[in-house]
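Observations on chain architecture
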Amino acid sequence: MIIAVDGPAASGKGTLASGLGRHYGLPYLDTGLLYRAVGRAVEAYEASDDFEQRAIAAALTLDEADIEPEYLQSSKIGSLASKVAVIGAVRSALFDYQRDFATQEGGAVLDGRDIGTKIAPEADVKLFIQADSKSRMERRARQFEARGQAVDRYALYHQIEERDARDMLNPNGGFYKADDAHLLDTTLLDIEAALRAAIAIVDGTMAGKAGSLEAPRKKL
Ligand SMILES: Nc1ncnc2c1ncn2[C@@H]1O[C@H](COP(=O)(O)OP(=O)(O)O)[C@@H](O)[C@H]1O
Ligand SMILES: Nc1ccn([C@@H]2O[C@H](COP(=O)(O)OP(=O)(O)O)[C@@H](O)[C@H]2O)c(=O)n1
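Report on the accompanying structure. These numbers were taken from a predicted model, which means no experiment stands behind them. Position labels on residues start from 1 in each chain and follow its written sequence. Chain labels run from A onward and ligand labels from 1 onward, assigned in the order the entries are written. Owing to the predicted nature of the model, reporting of local features is limited to residues with pLDDT of at least 70; listing and counting of side-chain atom pairs is limited to 80 or more, with chain, interface and lining totals taken over all residues. Derived side-chain values reflect all non-hydrogen atoms in the structure, with water molecules and hydrogen atoms excluded from consideration.

1. Some thoughts on the site of ligand 2
Close to ligand 2 lie 18 residues; Lys13, Arg36, Arg140, Arg163 and Asp167 are nearest. In protein, a polar contact means a hydrogen-donor-capable atom and an acceptor-capable atom, both N or O and within 3.5 Å, with residues adjacent in sequence counting only if both atoms are side-chain atoms; elsewhere, any N or O pair within 3.5 Å suffices. Note that a nitrogen atom of ligand 2 is positioned 3.0 Å from one of the side-chain N or O atoms of Asp114. Compared with its free state, where it exposes 520 Å², ligand 2 has 96% of that area covered by protein. With a 1 Å grid spanning the protein atoms alone, the term cavity applies to any set of points in which a 1.4 Å probe fits but cannot get out, the term pocket to an open set with protein on both sides within 12 Å along at least five of seven lines, and the term lining residue to any residue with an atom within 4 Å of a point. Each molecule is assigned to a cavity or pocket provided more than half of its atoms lie within 2 Å of the corresponding grid points. For ligand 2, the cavity whose grid points lie within 2 Å of the majority of its atoms is the largest pocket. For this description, a residue counts as near a given molecule or strand if any of its non-hydrogen atoms is within 4 Å of it. Accessible surface is estimated by sampling points in the Shrake-Rupley manner with a 1.4 Å probe; for residues, cover comes only from the protein chains shown.

Right under this line is the structure:
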């Protein structure tokens, strides 16, 4: 079973995708970390003319050892990630790794922006996670504060809005909900309730698929 989880910044995608991975015993990939690692690799060249070329080179040579989550979580790296993510050649360079992960034997759960539309359009279940901007900002603020970082909520709100806008306008697709994705709004749900809702969607979708495989009934 392949489960695709997409949605905007701090909507709770990763929390739900990793929870689904644990629940169904599936390996989980946070694809945002790949873009963040490329962004981090070119952090020093953000203002230089060859930013794009450097980002492409970094994506082509990205190694699993570069995926160090502890160095990739800041707002600054998130913003850089969304800047390298608009470069088509960067997306192409990261495609095969994500595609191989999605199609591995036994299935997988992936979260990102284009999992249900580009990486695994054939996914068995697609979830699009949403939450209003203020809740997403507050969740991210608490995440940073839990790590002992001071947070300017006003600046954080604008950083998230700016990144969402860049993502939505990404010339390589724009990150919209797949037509066949289930929308899950977590604004009013805590983590446990959101995970229960996600599991109910997955179970319901898989039961529906199994039902549609049964021989059609014919009335005598
Ligand atoms: N439904 C929820 N209610 C409250 N906090 C949540 C919820 N879902 C996630 N969080 C918290 O919000 C923060 C961002 O969640 P995360 O899963 O990393 O989002 P994303 O992967 O979409 O960026 C984390 O600290 C997480 O624990
Ligand atoms: N599949 C993906 C995942 C992330 N990204 C980009 O990488 C950035 C960081 O993604 P992320 O998932 O780590 O960010 P959060 O939603 O966790 O804040 C996003 O804003 C996108 O620009 C992407 O283009 N495609």
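2. Some thoughts on the nonpolar core
Note on terminology: a nonpolar core comprises buried Ala, Val, Leu, Ile, Met, Phe, Trp, Tyr and Cys residues joined through side-chain atoms within 4.5 Å. The rule is simple: take the accessible area with a 1.4 Å probe, protein chains only, and divide by the maximum for that residue type; under 20% is buried, over 50% is exposed, in between is partly exposed. By size, the foremost hydrophobic cluster in this structure holds 20 residues, and its most contacted members are Tyr35, Val38, Val42, Ala55, Val84, Val90 and Leu94. Mapped onto this core, the elements with two or more residues apiece are α2 (32-41), α3 (51-60), α4 (75-84) and α5 (88-102). Contact criterion: two residues are considered in contact whenever any of their non-hydrogen atoms come within 4.5 Å of each other. For Leu94, the residues in contact, after removing those within four places along its chain, are Leu34, Tyr35, Val38, Ala59 and Leu62. A run of H or I in DSSP counts as a helix once it spans at least four residues, and a run of E counts as a strand once it spans at least two, with each numbered from the N terminus.

3. As for α5
Spanning 15 residues, α5 covers 20 Å between terminal C-alpha atoms, matching the ideal 21 Å at 1.5 Å per step. To get the bend at any residue, fit one axis to the seven residues that end at it and another to the seven that begin at it, then take the angle between the two axes. The largest bend in α5 amounts to roughly 35° and is located at Phe95. For α5, the full list of buried residues reads Val90, Arg91, Leu94, Gln98, Phe101 and Ala102. A helix is expected to span 1.5 Å for every residue after the first.

4. Observations concerning the site of ligand 1
Taken together, the neighbourhood of ligand 1 is formed by 13 residues, with Lys13, Gly14, Thr15, Arg140 and Leu189 sitting nearest. Note that an oxygen atom of ligand 1 is positioned 2.5 Å from one of the side-chain N or O atoms of Thr15. Protein chains shield 78% of the accessible area of ligand 1, which is 560 Å² for the free molecule. Structurally, ligand 1 is housed in the largest pocket. For the shell around ligand 1, the elements supplying multiple residues, two or more each, are α1 (13-24) and α7 (133-146). The residue classification treats Ala, Val, Leu, Ile, Met, Phe, Trp, Tyr, Cys and Pro as nonpolar and Asp, Glu, Lys and Arg as charged. All others, Gly included, are polar. Per-class residue counts for the shell around ligand 1 are 4 nonpolar, 5 polar and 4 charged.

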